Amino acid sequence: MGARLRVFLTPEQNKTLLNLRTAEVSQKVKDRAEIIRLNAHGWYVEKIAAHFKLTIQTVREVLHKWDKLGLEGLWELPGRGRKPKWTEVDIVFLEKCLKEEPRTYNSLQLTQKLERDRNVKLSPDRLRRVLKKRGSIGSEQGKVTKGSKTR
C-alpha cells in the first residue's frame, strides 16, 4: 500500500473550491474541486473513490495535479479530437457567395468552390451540417426551425 496522499488547503483555497460548486463550470471540474476538499477534510483516497464511483488512481491523479498545478489542474487541457479544417472566415466567404451571386449551389458545388478558392477540403455532408447549424441555408435566412416548414 502506498503512502497516504493528503492535501492541505488555506482558507482562501477552500473558499475558492467551495465557490466552484455554484459556478458555471463543467461537472468534472466541480467533482475535482470536491475531491480536493474532501481529502483536505481528512477523507482517504479509497473512500473518496467509492463516494464518486471513480478508481483510486483517478483520485490520486486529481490530487497530484492539484499539488503541481493548483487551480489550473482542475480543468482539462485542449487538444483531444480532430481540429476543424475550416475557419470562420471560410464559412463567411461561402455565405457571402450564397447571398450575392444570382445562381444557386448545392453542397457538392459549394465544397468544390471552397476547395478551389480557399484551398479547404470539406465533405458535402460536413459543409451542409456546418451551414445548417449556423442557420445559413434554407428558405428563411437567419434561423433554423426544429419543426416542419410546411403549413
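To be clear, the structure that these remarks concern was listed above.
Note that this is a predicted model, so its numbers are computed, not measured.

Student: Any chance you could explain the layout of surface pockets here in plain terms?
Tutor: Empty pockets left among the atoms are what a rolling probe the size of a water molecule brings to light. In this structure, the largest pocket occupies an estimated 250 Å³ of space. Lys28, Asp31, Arg32, Ile35, Phe52, Leu54, Thr58, Glu61, Val62, Lys65 and Glu76 together form the lining of the largest pocket. Listed by contribution, the elements that provide at least two residues to the lining of the largest pocket are α2 (27–40) and α4 (56–69). Among the residues forming the lining of the largest pocket, the class breakdown is four nonpolar, one polar and six charged.

Student: Please explain the packing of helix α5 (residues 88–100) against helix α6 (residues 107–118) as it appears in this structure.
Tutor: A pair of packed helices is characterised by two quantities: the angle between their axes and the separation of those axes. Where α5 meets α6, the closest approach of the two axes is 11 Å, and the angle between their N-to-C directions is 120°. Put simply, α5 runs oblique to α6. Both α5 and α6 take part in a crossing whose hand is right-handed. Where α5 abuts α6, its residues Val89, Asp90, Phe93, Leu94, Cys97 and Leu98 lie against Leu110, Lys113, Leu114, Asp117 and Arg118. The residue inventory of the contact of α5 with α6, partitioned by class, reads seven nonpolar, no polar and four charged.

So, how was this worked out
- All residue numbers refer to positions counted from 1 along the written sequence of the respective chain.
- Confidence filtering applies because this is a predicted model: local features only for residues at pLDDT of at least 70, side-chain atom pairs given and counted only at 80 or more, and all residues used for totals across whole chains, interfaces and linings.
- Computation of side-chain values: all heavy atoms of the structure, hydrogens and water removed.
- Think of a 1 Å grid over just the protein atoms. A cavity is a set of points where a 1.4 Å probe fits yet cannot get out, a pocket is an open set with protein on both sides within 12 Å along at least five of seven lines, and lining residues have an atom within 4 Å of a point.
- Grid points are joined across faces, edges and corners, and a volume is the space filled by probe spheres set on the points.
- Only DSSP runs of H or I with at least four residues qualify as helices, and only runs of E with at least two residues qualify as strands; both kinds are numbered from the N terminus onward.
- The nonpolar class holds Ala, Val, Leu, Ile, Met, Phe, Trp, Tyr, Cys and Pro. Asp, Glu, Lys and Arg form the charged class, and all remaining residues, Gly among them, are polar.
- For helices, the fitted axis covers only the stretch in contact; all axes are lines through C-alpha atoms, and the angles between them, taken along N-to-C directions, range from 0 to 180 degrees.
- With respect to orientation, any angle under 35 degrees is reported as roughly parallel, any angle over 145 as roughly antiparallel, any angle of 65 to 115 as roughly perpendicular, and every other angle as oblique.
- Crossing handedness: left-handed means the near helix sits turned counterclockwise from the far one by under a right angle, and right-handed means the same turn made clockwise.
- Contacts between residues were defined by any pair of non-hydrogen atoms, one from each residue, lying within 4.5 Å.

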